[in-house]
Amino acid sequence: MYKELEKFKNNNSFTFTIEDSLEEVCNASEGSGVFVVNAINGEEKELIMVGSTGTVQNDGSLKSKNGGLYDKIVNGHQFAKTGRKYSWPAQMKLENIERLEVLWFETFNDQIKGIPTAVEGQVLQNYVDANGKLPRWNVAF
């Protein structure tokens with residue numbers, strides 16, 4: 001899988017189809033960290049996006065929005081100035097994606113201090129090293 005994410009023990013995943021409610025199927029925590037999105041069609045799986053939430057301040061504290069990973073996944077804006085709960089189904093329909101697999105990892109908490117954007121950057125760097133570009137749903141980094 002993603003070796004840079006293996007050390008983060010508070011993690012889980014869920015799948016999402018066009019018929020699902022993202023608010024209902026999302027099991028992400030309210031913690032800070034990284035999420036990885038795979039498009040699945042039949043047996044094919046493709047990494048299409050990596051995201052994160054939470055910033056570390058210079059005193060070592062974490063600044064995070066209420067709702068953490070859950071809120072970022074469900075209500076974060078993508079493809080339009082609207083939450084993913086609306087934009088993901090529309091984009092999936094456009095791209096004929098059967099379902100999404102979303103893996104999430106708390107990277108910064110009382111036990112571990114992985115800066116969310118740094119971990120996200122490492123996952124994306126490894127992807128760029130292997131593919132020469134960002135995943136297709138990542139606009140820039």
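We now turn to the structure provided with this report. (Residues numbered from 1 in each chain as written. Predicted model: local features only at pLDDT ≥ 70, side-chain atom pairs only at ≥ 80, totals over all residues. Heavy atoms only, no water.)

### Some remarks on the packing of aromatic side chains
- Applying the stated criterion to the full structure yields three aromatic pairs.
- Judged by centre distance (6.5 Å) and plane angle (50 degrees), the rings of F16 and W88 are tilted. Of the two residues, F16 is situated in strand β1 (residues 11–17) and W88 in helix α3 (residues 84–95); the sequence distance between them amounts to 72 residues.
- Given the relative accessible area of 0%, F16 is considered buried.
- Taking the relative accessible area as the measure of exposure, W88 reaches 0% and is therefore buried.
- Taking the centre distance of 6.1 Å and the plane angle of 40 degrees together, the rings of W88 and W137 count as tilted. Linking W88 in helix α3 with W137 in the segment after α4 (116–131), this pair joins segments that are 49 residues apart in sequence.
- Connected via pairs of aromatic rings, a cluster forms that spans F16, F79, W88 and W137.
- Sitting over the face of the ring of F108, K113 holds its NZ or CZ atom 4.9 Å from the ring centroid. (Phe/Tyr/Trp six-rings, centres within 6.5 Å; stacked < 30°, edge-to-face > 60°. Helix = DSSP H or I, 4+ residues; strand = E, 2+ residues; numbered from the N terminus. Buried < 20%, exposed > 50% of the residue type's maximum accessible area, 1.4 Å probe, protein only. Lys NZ or Arg CZ within 6 Å of the ring centre and 35° of its normal.)

### A word on unusual backbone geometry
- We note that F79 has phi near 70 degrees; this positive angle belongs to a residue other than glycine.
- Tracing the backbone shows F79 in the loop between α2 (68–75) and α3.
- The exposure class of F79 is partly exposed, given its relative accessible area of 40%.

### Comments concerning the sheet that holds strand β3 (residues 44–53)
- Strand order in the open sheet formed by four strands is β1-β6-β2-β3, and the pairing between neighbours is antiparallel. Either end of the sheet is taken by a strand with one partner, and the two such strands are β1 and β3. Put simply, the sheet's adjacent strands are angled 20 degrees from each other on average, direction ignored.
- Pairing analysis gives seven bridges linking β1 to strand β6 (residues 99–108), with the strands arranged antiparallel. Across the sheet, T17 pairs through a bridge with R99, a residue of β6.
- Across the face of the sheet, α2 comes into contact with β1, β2 (32–41), β3 and β6 while running at roughly 40 degrees to β2.
- Together, β2, β3 and β6 form the strand contacts of α4, whose direction differs from that of β3 by roughly 150 degrees. (Pairing = 2+ DSSP bridges. Axes fitted to C-alpha atoms, helices over the stretch in contact; angles between N-to-C directions. Contact = heavy atoms within 4.5 Å.)

### A word on the pairing of β6
- Burial analysis of β6 places nine of its ten residues in the buried class, the great majority of the element.
- Bridge analysis of β2 against β6 gives nine bridges, and the strand direction is antiparallel. If you follow V36 over to β6, its bridge partner there is L103.

### Points about the packing of α2 against α3
- Contact geometry of α2 with α3 gives a least axis separation of 6 Å together with a crossing angle of 50 degrees. As judged from the angle between their axes, α2 and α3 are oblique. Contact with α2, carried on its side by K72, I73, V74 and N75, involves R84, K85 and W88 of α3 and no other residues of that element. (Parallel < 35°, antiparallel > 145°, perpendicular 65-115°, else oblique.)

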